[in-house]
Amino acid sequence: MREIVRSTVWILLLCGSVSFSSGKETQFKVDGKVIELDESNFESAISAFDLILVDFYAPWCGHCKRLAPQLDAAAPVLAGLKDPIVIAKVNADKYTGLARKYEIDAFPSLKIFMHGIPTEYYGPRQPDLLIRYLKKFVAPNVTILNSDAEIKDFFDNAGTFFPIYIGFGLGESIISDLALKYKKKAWFAVTKDFSEDMMVLYDFDKAPALVAIQPTYNERNIFYGPFEDEFLEEFIKQNFLPLSVPINHDTLKLLKDDKRKIVLTLVEDEADEKSEKLIKLLKAAASANRDLVFAYVGIKQWGDFADTFGVNKKSKLPKMIVWDGDEEYLTVIDSEIIDDGDQGSQISHFLEGYREGRTEQKKIAGPSLIGFINSLIGLKTVYIIVFLVAMLMLIRSLGQEDVPPIGVRPQTDEVDAPRDEYGPEDKED
């Protein structure tokens, strides 16, 4: 089926390049290729297309080289959509003005420009998954579903990268404004025709109901009203995150948009059996305390982050604190989580102590949440380091032949194993 779709797209493209301007005059054509942009045409491109994915790359970057064919494979399929999506690339190592303007700190960096407004792209990079991810941005704000089959298809096609909100027995107008507001963060749909099988599958017992689904974490939460904007929006915002959030580079970026305090539990290894049992208890506590965000991190998974709160392998674990997401956190006096105790009761005791103010305020020993997000070395710093290293090499090799060029980052012939997914650690500074 995939090959038929690709063949159809290529036939259309070969018959003639498809001009796309959303009613605007544009010098660009959607011909199924990744568009090369520079400082002379960048602004024209992002204003010409309603949706454009831009790859900020460097020629010497190994990860960029592996990403390029992925984007090349996705470009013709996205160009053939009813509402075409354009992929472009910029040599940010050469066009440093654009790199500075859009705060490019590492390579490759992907940004989505919707109507000229940039947002970070945190989605997958394998072609099929990238296509599915980007389709979300040209989908209707609210999808109307008319049968069980359509509900299943909608869920399957949505993928696992965004939370999903399905209104059973709800009118489109009830969530249309919020669906527009949060289009970049979630899928929204409503359905009036559904069977009892759907009620069992999505675990609600009456309608109208709004079901929030976290596909990645296999979590569901139900909202029965009142369906007024204030209460509805609060429910939607609270369910952008799972009940208990694993701390990593990607989830930190999501947490920065959430204004709630973070109940953070630090463990030795979040993947071991004891930690998994504790995480289940944290989810139960989160369900009953929706005014707080519950999160956890293992020293084994991210030791530098844990060390910010004075926690390392020698510390007594697990440890629970309340973090403001900035430079301060609270410990609760005489309230510890013990490995072999009744941890459910201990968590409750901790939360009681926090709400009663039996706390001690402390400062973190490292960057704030925003600091962690922006902790990659900036391009200017890279250039300075490279320049200094090159100068040292020049001094040492003075009088020798084949002096390496100053300020040029060396390329390597090293070949890495191909990978389908990239994480934040895969960017090259």
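Residues numbered from 1 in each chain as written. Predicted model: local features only at pLDDT ≥ 70, side-chain atom pairs only at ≥ 80, totals over all residues. Heavy atoms only, no water.

Below, the discussion takes up the packing of helix 7 (residues 172-181) against helix 9 (residues 229-238). Close contact between helix 7 and helix 9 brings their axes to 11 Å; oriented N to C, the two are set at 45°. Considering their axes alone, helix 7 and helix 9 lie oblique with respect to each other. Note that helix 7 runs across helix 9; the crossing there is right-handed. Across the interface between the two elements, Ile174, Ile175, Leu178 and Lys181 from helix 7 touch Asp229, Leu232, Glu233 and Ile236 from helix 9. Here the residues of the contact of helix 7 with helix 9 are counted per class, giving five nonpolar, no polar and three charged. (Axes fitted to C-alpha atoms, helices over the stretch in contact; angles between N-to-C directions. Helix = DSSP H or I, 4+ residues; strand = E, 2+ residues; numbered from the N terminus. Parallel < 35°, antiparallel > 145°, perpendicular 65-115°, else oblique. Left-handed = near helix turned anticlockwise from the far one by under 90°. Contact = heavy atoms within 4.5 Å. Nonpolar A, V, L, I, M, F, W, Y, C, P; charged D, E, K, R; others polar.)

Right, let's talk about the sheet that holds strand 10 (residues 187-191) for a bit. With mixed pairing, five strands are arranged side by side in an open sheet as 8-10-9-11-12. Only two strands of the sheet have a single partner each, and these edge strands are strand 8 (143-145) and strand 12 (219-223). Neighbour-to-neighbour, the strand axes of the sheet open up by a mean angle of 20°, direction not taken into account. Taken together, the five bridges between strand 9 (residues 164-168) and strand 11 (residues 209-214) define a ladder with antiparallel strand orientation. In the sheet register, Tyr165 faces strand 11, and the bridge partner there is Ala212. Taken strand by strand, helix 6 (residues 148-158) contacts strand 8, strand 9, strand 10 and strand 11, and its axis lies near 170° from that of strand 9. (Pairing = 2+ DSSP bridges.)

Here the focus is the confidence of the model for the protein. Note that predicted coordinates carrying low pLDDT should not be read in detail. Overall, the prediction assigns the protein a mean pLDDT of 83, with 79% of residues at 70 or greater. Considering only residues more than four positions removed or in separate chains, one finds that residues 376-384, a stretch of pLDDT under 50, has 16 contacts. Counted against residues more than four places away or in other chains, residues 401-425, with its pLDDT under 50, gives 35 contacts. (pLDDT = per-residue confidence, 0-100.)

The next point concerns the nonpolar core. Within the largest apolar cluster, 39 residues are counted, with the highest numbers of intra-cluster contacts made by Leu53, Leu78, Ile87, Ile112, Leu130 and Leu134. The contacts of Leu130, once residues within four sequence positions are left out, are Leu53, Leu71, Ala74, Leu78, Ile87, Tyr121, Pro124 and Arg125. Val30, Phe42, Leu98 and Ala99 belong to the second largest nonpolar core, which has 29 residues in total. (Core = buried A, V, L, I, M, F, W, Y, C linked by side-chain atoms within 4.5 Å. Buried < 20%, exposed > 50% of the residue type's maximum accessible area, 1.4 Å probe, protein only.)

Following the criterion strictly, the structure yields two cavities of 30 Å³ or more and no others. A volume near 70 Å³ is recorded for the largest cavity. In terms of lining, the largest cavity is formed by Gln238, Leu241, Pro242, Leu243, Val245, Arg260, Ala286, Arg290, Leu292, Val293 and Phe294. Sort the elements by how many residues they give to the lining of the largest cavity and strand 15 (residues 292-298) lands first, with three residues. Among the residues making up the lining of the largest cavity, the classes are represented as eight nonpolar, one polar and two charged. Taken as a whole, the second largest cavity spans an internal volume of roughly 50 Å³. Together, Lys29, Val30, Asp31, Gly32, Lys33, Ile35, Ala75, Ala79, Ile85, Val86 and Ile87 line the second largest cavity. (1 Å grid on protein atoms, 1.4 Å probe; cavity = no way out; pocket = protein on both sides within 12 Å on 5 of 7 lines; lining within 4 Å. Points joined across faces, edges and corners; volume = space filled by probe spheres on them.)

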